[in-house]
Amino acid sequence: MSDLDLLTQSLARSVKHWRAVRGFTLDVLAARAGVSRGMLIQIEQARTNPSLGTVVKIGDALGVSITTLLDYEQGPKVRIVPAEQAVRLWHTEAGSYNRLLAGAEAPGPLEIWDWRLMPGEHSTSDPHPADTVELLHVTAGELTLTVDGTEYRVPAGASVSFEANTPHTYGNTGEVPMEMVMAVSVPPVP
């Protein structure tokens, strides 16, 4: 079985599990996440590989991290994620990517990401729930961060934090690859 098949099956189990834990019907989760009921059915039956944006929306609606959606069978308090098990959820042919390095529920979803954007590329994110905070540290190149239509330049060595409940885009308008580490804290579902 391929890594993608394992990921698809894990996501299917987790979405069903967390939907039951929250007491959400398919219709309720679809409305909260802003995705179709049909898409949720396909995900829960492991018949589709949804986009990163769709997985983020579902995680936000359920109040769990992407890490939790990909593996709800929680083990001991200490969890080491070997480098080869970091999950790459988005990539381009030019070499841009993001990798989910680790995540936890504390008290809401908390994730840490490794990003690389090649020159001229960008990745757009839909707004997260209110009180979601992102922390970014640029390790190479320069990040062009656009939050709610305003552009910010973040050079290598600098860090930035922002409320992520508005549309935002990570971009590289420079001539060298941009690399950053990002932490995302989402409030728990009430």
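Now for a quick tour of the structure. For every chain, the first residue of the written sequence is number 1, and numbering continues from 1 along that sequence. Confidence filtering applies because this is a predicted model: local features only for residues at pLDDT of at least 70, side-chain atom pairs given and counted only at 80 or more, and all residues used for totals across whole chains, interfaces and linings. Computation of side-chain values: all heavy atoms of the structure, hydrogens and water removed.

Here the focus is the overall build of the protein chain. On a plain count of helices and strands, the protein chain comes out with 5 helices and 10 strands. Only C-alpha atoms enter the radius of gyration, while the globule expectation follows 2.2 Å times N to the 0.38, with N the number of residues. Computed over its C-alpha atoms, the radius of gyration of the protein chain comes to 16 Å, within 12% of the 16 Å expected for a compact globule of 190 residues. Considered along the principal axes of its C-alpha atoms, the protein chain spans approximately 45 × 35 × 35 Å. The buried share among the 190 residues of the protein chain stands at 41%. Secondary structure elements follow DSSP: runs of H or I of four or more residues count as helices, runs of E of two or more count as strands, with numbering from the N terminus. Here the term buried applies to any residue with accessible area under 20% of the maximum for its type, exposed to any over 50%, and partly exposed to those in between, with areas from a 1.4 Å probe on protein chains only.

Structurally, Gly38 is set in helix 3 (residues 37-44). A C-alpha to C-alpha distance of 9.0 Å links Gly38 and Leu26, two positions 12 residues apart in sequence.

A pair of strands is considered paired only if DSSP assigns at least 2 bridges between the two. Spatial strand order, 4-9-6-7: 4 strands in an open sheet with antiparallel pairing. Whereas interior strands pair on both sides, the edge strands pair on one side only; in this sheet they are strand 4 (122-125) and strand 7 (150-155). When strand polarity is set aside, the average angle formed by the axes of neighbouring strands in this sheet is 20 degrees. Interaxial angle, 0 to 180 degrees, is taken between N-to-C directions of lines fitted to C-alpha atoms, where a helix line uses only the stretch in contact.

Quick look at helix 4 (residues 52-62) now. In terms of residue burial, helix 4 counts as a mostly covered element, since 9 of its 11 residues are buried. Taken as a whole, helix 4 has its buried residues at Leu52, Thr54, Val55, Val56, Ile58, Gly59, Asp60, Ala61 and Leu62. Positive phi shows up at Gly63, right after helix 4, with a value of about 75 degrees.

A positive phi angle is found at Ala46, which is not glycine, with a value near 55 degrees. Looking at the element boundaries, Ala46 is found in the loop between helix 3 and helix 4. The backbone of Asp131 shows a phi angle near 75 degrees, a positive value even though the residue is not glycine. Examined against the element boundaries, Asp131 turns out to sit in the loop between strand 4 and strand 5 (133-140). On the accessibility criterion, Asp131 (64% relative accessible area) is exposed.

It is worth spelling out the pairing of strand 6 (residues 142-147) at this point. Here strand 6 runs beside strand 7; their pairing, made up of 6 bridges, is antiparallel. Bridging from a neighbouring strand, Leu143 pairs with Val154 of strand 7. Across 4 bridges, the pairing between strand 6 and strand 9 (residues 168-171) is antiparallel. Each residue of the ladder has a partner; that of Val147, found in strand 9, is His168.

So, about the pattern of salt bridges. One side-chain nitrogen of Lys or Arg within 4 Å of one carboxyl oxygen of Asp or Glu is enough to make a salt bridge. One pass over the structure, following the stated rule, counts 7 salt bridges. Notably, a salt bridge pairs Glu179 with Arg116, separated by 3.5 Å at the nearest N-O pair. Placement of the pair is Glu179 in strand 10 (residues 178-185) and Arg116 in strand 3 (residues 109-117), with a sequence separation of 63 residues. In this structure Glu179 comes out as partly exposed when scored by relative accessible area, which is 28%.

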